[in-house]
Structures are given as C-alpha cells and as structure tokens.
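Secondary and tertiary structure notes
The chain contents come next:
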Amino acid sequence: MSAIHDATEPTRRDFLYLATGAAAAVGAGFLAWPFIAQMNPDASALALATSEVDVSQIAEGQVVTVRWRGKPVFVWNRTAKQVEEAKAVEIGQLPDPLARNENIEPDAPATDVNRAAKGKENWLVVVGVCTHLGCVPTSQQGEFGGWLCPCHGSHYDTAGRIRKGPAPENLPVPPFAFEGDTKLTIG
Ligand code: FES
C-alpha cells in the first residue's frame, strides 16, 4: 500500500509542475498572438485577393490593364493573326521555354496553348511586370508585337514570352478562371 503511495506521490507533483508550465506557455501564446497577427494582411488587403473583369467590354485586339493584388495584369483579347503568330513560334526559339502559367503544371512548355486561356485561345492574361527589374511594359509594341519594356528594352511576343533583351522569363500567367463568356476572375 505504501509502495503504491510512494510511487504516485511524485507523479502527482510532476503533474502540477507540468500543468503550471503549460498554463504559462499558453498564456504567453495568447499574449504574443495579437502582436504577430496584426502583421498579417488586413481585411482591405484580403478583399483585393481576387479581381473581377467584365471581358465583354474588351474589343478584339484590345489590351486592358486591371489591378490585382497591387500589380497590373494585362487582359488581351487577341486577334486571330496575333494568336497565329504566337503559335508559329518553336519552343527552341524561346529564351525561356517554360509556360510560367500558375493554372497548369510548373514544367509545362511555353507553347501558346499553355499560355492562353484554356479553351479560349484568344484571351491572354499576364502579370504586367517585366521579369527583368519590374517596370511595366508597353502593350502591342516591340519587335514581336506583344510588349516592349521601356526600362532596358525587353521585347515580349503575342503570348507574353520574352524574346529579346535582358528579361530572363516570360510574363507570368496568374491564376484565373472564366465564368461563361463575360466574367473573368483573377486570383
Ligand atoms: S525592367 Fe524591363 S527590361 Fe529592365
């Protein structure tokens, strides 16, 4: 009987120490959390997480710039000729052979089909930030009919792929989805 008593006594004391320590740790956690949490994006930033665009207003051949998470995104309703020009390019001609499209696998090749909207090949949606040092390129300019970056002369083609100049990568394709024929949601 006393053997059992001796064995349980330290356990009960240990438990009290543990319980006290755990309470202190939990208390510190609750105290620290608001200080850390306040650095997370606030409600107004989260509201900008997706952008909706009514694409019925964008004429054939027109590029519209919309704002998504503080960045410009180009939405281009490409003509059949511009799509054909993009399709005619061999992957071997491209400085960056990857699609850089967040909607498909990361190692997908930079074909026009892998860059354009799925099933709506006339639509090209790309983040309008030059992959060199972050300037905003000018639409339908440059030697390849896509974009020309005025900062150091990078040329992008009609699929937003880098073709000439110091920029290392194709303009990234952000996550997006079409709902029907008129509504585009970015993000
Ligand atoms: S930032 Fe575009 S070429 Fe340098």
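On a predicted model such as this, the values are computed, not experimentally measured, just so you know.

Pairing is antiparallel in the open sheet, where 3 strands are placed in the order E2-E3-E4. Two strands bound the open sheet, and with one partner strand each, they are strand E2 (63-68) and strand E4 (123-127). Shown here is a sheet whose adjacent strand axes are inclined to one another by a mean of 25°, direction ignored.

Moving on to the pattern of salt bridges. Proximity of charged atoms lets side chains of opposite charge pair with each other. Inspection of every chain in the model, using the stated rule, returns 11 salt bridges. Its salt-bridge partner being Lys-164, residue Glu-143 comes within 2.6 Å of it at the nearest N-O pair. Of this pair, Glu-143 sits in the loop between strand E5 (138-139) and strand E6 (145-149) while Lys-164 sits in strand E8 (residues 162-164); the two residues are 21 residues apart in sequence, bridging distant segments of the chain. By relative accessible area, Lys-164 is classed as partly exposed at 39%. As a salt-bridge pair, Glu-179 and Lys-183 come within 3.6 Å of each other at their nearest N and O atoms. With relative accessibility at 29%, the residue Lys-183 sits in the partly exposed group.

Turning next to the pairing of strand E1 (residues 51-54). Along E1, the buried face is formed by Ser-51 and Val-53; none of Glu-52 and Asp-54, which line the opposite face, is buried. As defined by bridge partners, E1 adjoins strand E10 (residues 183-186) across 4 bridges and the pair is classed as antiparallel. Each bridged residue has a counterpart across the sheet, and for Ser-51 the counterpart in E10 is Ile-186.

Glancing now at helix H3 (residues 80-87). By the burial criterion, the buried members of H3 are Gln-82, Val-83 and Ala-86. Along the long axis of H3, the arc covered by the buried residues comes to 100°, so they all point the same way. Residues of H3 that are exposed and point over 90 degrees away from its buried face: Ala-80 and Lys-81. Where the residues of H3 are buried, they touch strand E3 (71-77) and helix H4 (112-115).

As a further point, take the packing of aromatic side chains. To describe a pair of aromatic rings, you give the distance between the ring centres and the angle between the ring planes. Taken as a whole and assessed by the stated rule, the structure comprises 4 aromatic pairs. With a centroid separation of 5.2 Å and 80° between ring planes, the pair formed by Trp-76 and Trp-147 is classed as edge-to-face. On the criterion of sequence distance, the pair formed by Trp-76 in strand E3 and Trp-147 in strand E6 is long-range, its members being 71 residues apart. Each member of the pair, Trp-76 together with Trp-147, is buried. The interplanar angle of 45° and the centroid separation of 5.8 Å between the aromatic rings of Trp-123 and Phe-178 together place this pair among those described as tilted. One end of the pair, Trp-123, is in strand E4; the other, Phe-178, is in strand E9 (residues 176-179), and 55 residues separate them in sequence.

Tallied over the full model, the rule gives 1 disulfide. Paired through a disulfide, Cys-135 and Cys-151 show a sulfur-sulfur distance of 1.9 Å. Taking the sign of the S-S torsion, about -95° here, the bridge from Cys-135 to Cys-151 comes out left-handed. With Cys-135 in the loop between E4 and E5 and Cys-151 in the loop between E6 and strand E7 (154-157), the pair connects residues that are 16 residues apart, well separated along the chain. Assessed through its relative accessible area of 22%, Cys-135 is described here as partly exposed. Judged by relative accessible area, which is 37%, Cys-151 ranks as partly exposed.

Reading the values: rules and limits
Residues numbered from 1 in each chain as written. Predicted model: local features only at pLDDT ≥ 70, side-chain atom pairs only at ≥ 80, totals over all residues. Heavy atoms only, no water. Pairing = 2+ DSSP bridges. Helix = DSSP H or I, 4+ residues; strand = E, 2+ residues; numbered from the N terminus. Axes fitted to C-alpha atoms, helices over the stretch in contact; angles between N-to-C directions. Salt bridge = Lys/Arg side-chain N within 4 Å of Asp/Glu carboxyl O. Buried < 20%, exposed > 50% of the residue type's maximum accessible area, 1.4 Å probe, protein only. Arc of directions from axis to C-beta. Contact = heavy atoms within 4.5 Å. Phe/Tyr/Trp six-rings, centres within 6.5 Å; stacked < 30°, edge-to-face > 60°. Disulfide = S-S within 2.5 Å.

Worth remembering: the numbers are spatial, not functional.
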